[in-house]
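A structural walkthrough
Each chain, letter by letter, is given below.
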Amino acid sequence: MKLAFRTALAAAAAAAALAVAVPSAANAQVAQPARVPCFDTLATRVPANPSQISAAAYNQARSILAHAGSQTAAKSHPVHGVSSVPVRYGTSLLACSRDEFRHDDRNAPRKQSGMTPYHYIAIHDAARTMGITRW
């Protein structure tokens, strides 16, 4: 009889300890902050810019930006006589046009990254045409 009583008492104590331990373990998992990847790991996911841009891609991107209203792109000289140009030509064109669009759209009611949606789409279309991901 003592053995049965001890076994029942030990089982009840184990069940009570388990009931107390399980909710605290669940709360401990919820209380931990979510792991956020650091900036360096996000930067490695973005593909690097190409080292050269074809002349046709540069000229097409220049045309897209000029039609969108960029005076910088309209005044730039089209590339001819070479098969490719350094990527800095394209990044410079994008950055100057972006700054120009942001200045022109500073009082616009609807803005996306400081520009109207029309200018935002034109900038990204030009970047995609040249294969540039960062400028």
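For the structure, check the block above.
Right, let's walk through the structure included here. (Residues numbered from 1 in each chain as written. Predicted model: local features only at pLDDT ≥ 70, side-chain atom pairs only at ≥ 80, totals over all residues. Heavy atoms only, no water.)

1. A look at the overall build of the protein chain
In terms of helices and strands, the protein chain carries 6 helices and 2 strands. Listing every helix and strand of the protein chain by position from the N terminus yields α-α-β-α-α-β-α-α. For the protein chain, with 135 residues in total, the buried portion stands at 25%. Of the contacts made within the protein chain by residues no fewer than 6 positions apart, 70% connect residues no fewer than 24 positions apart. Total accessible area on the protein chain stands at roughly 9,300 Å², and carbon and sulfur atoms take up 62% of it. (Helix = DSSP H or I, 4+ residues; strand = E, 2+ residues; numbered from the N terminus. Buried < 20%, exposed > 50% of the residue type's maximum accessible area, 1.4 Å probe, protein only. Contact = heavy atoms within 4.5 Å. Areas by Shrake-Rupley, 256 points an atom, 1.4 Å probe, with all protein chains shown as cover.)

2. Digging into the environment of Gln60
Counting through the fold element by element, Gln60 comes out in helix α3 (residues 55-68). Assessed through its relative accessible area of 47%, Gln60 is described here as partly exposed.

3. With respect to the environment of Thr91
Within the element layout of this structure, Thr91 appears in helix α5 (residues 87-104). When the C-alpha atoms of Thr91 and Trp135 are compared, they prove to be 5.0 Å apart, with 44 residues separating the residues in sequence. At 3.1 Å, the side chain of Thr91 and the backbone oxygen of Arg88 are in polar contact. (Polar contact = N/O pair within 3.5 Å; in protein donor to acceptor, adjacent residues only side chain to side chain.)

4. As for the packing of α3 against helix α6 (residues 117-130)
The description of two helices packed together rests on the angle between their axes and the distance between the axes. Contact pair α3 / α6: the axes reach a minimum separation of 8 Å and the direction vectors enclose 175 degrees. When the interaxial angle is binned, α3 and α6 end up roughly antiparallel. Here Ala57, Tyr58, Gln60, Ala61, Ile64, Leu65, His67 and Ala68 of α3 come into contact with α6, specifically with Tyr118, His119, Ala122, Ile123, Asp125, Ala126, Thr129 and Met130. Of the residues contributing to the contact of α3 with α6, the split by class is 11 nonpolar, 4 polar and 1 charged. (Axes fitted to C-alpha atoms, helices over the stretch in contact; angles between N-to-C directions. Parallel < 35°, antiparallel > 145°, perpendicular 65-115°, else oblique. Nonpolar A, V, L, I, M, F, W, Y, C, P; charged D, E, K, R; others polar.)

5. A few points about the nonpolar core
Counting residues in each nonpolar core, the largest one holds 21 residues, and the members touching the most others are Ile53, Tyr58, Leu65, Leu94, Phe101, Met130 and Ile132. Of all elements in the fold, only α3, α5 and α6 reach the threshold of two or more residues within this core. Among the elements that make up this core, the one with the highest residue count is α3 (6 residues). If we skip the residues at most four places from it in the chain, Ile132 touches Asn49, Ile53, Val87, Gly90, Thr91, Leu94 and Ala127. (Core = buried A, V, L, I, M, F, W, Y, C linked by side-chain atoms within 4.5 Å.)

6. Concerning α5
End to end, α5 covers 26 Å across 18 residues, agreeing with the expected 26 Å (1.5 Å per residue, within 8%). Within α5 the residues assigned to the buried category are Val87, Gly90, Thr91, Leu93, Leu94, Ala95, Ser97, Arg98, Glu100 and Phe101. On its buried side, α5 packs onto β1 (52-54), α3, α4 (71-75), β2 (84-86) and α6. (Expected span 1.5 Å × (residues − 1).)

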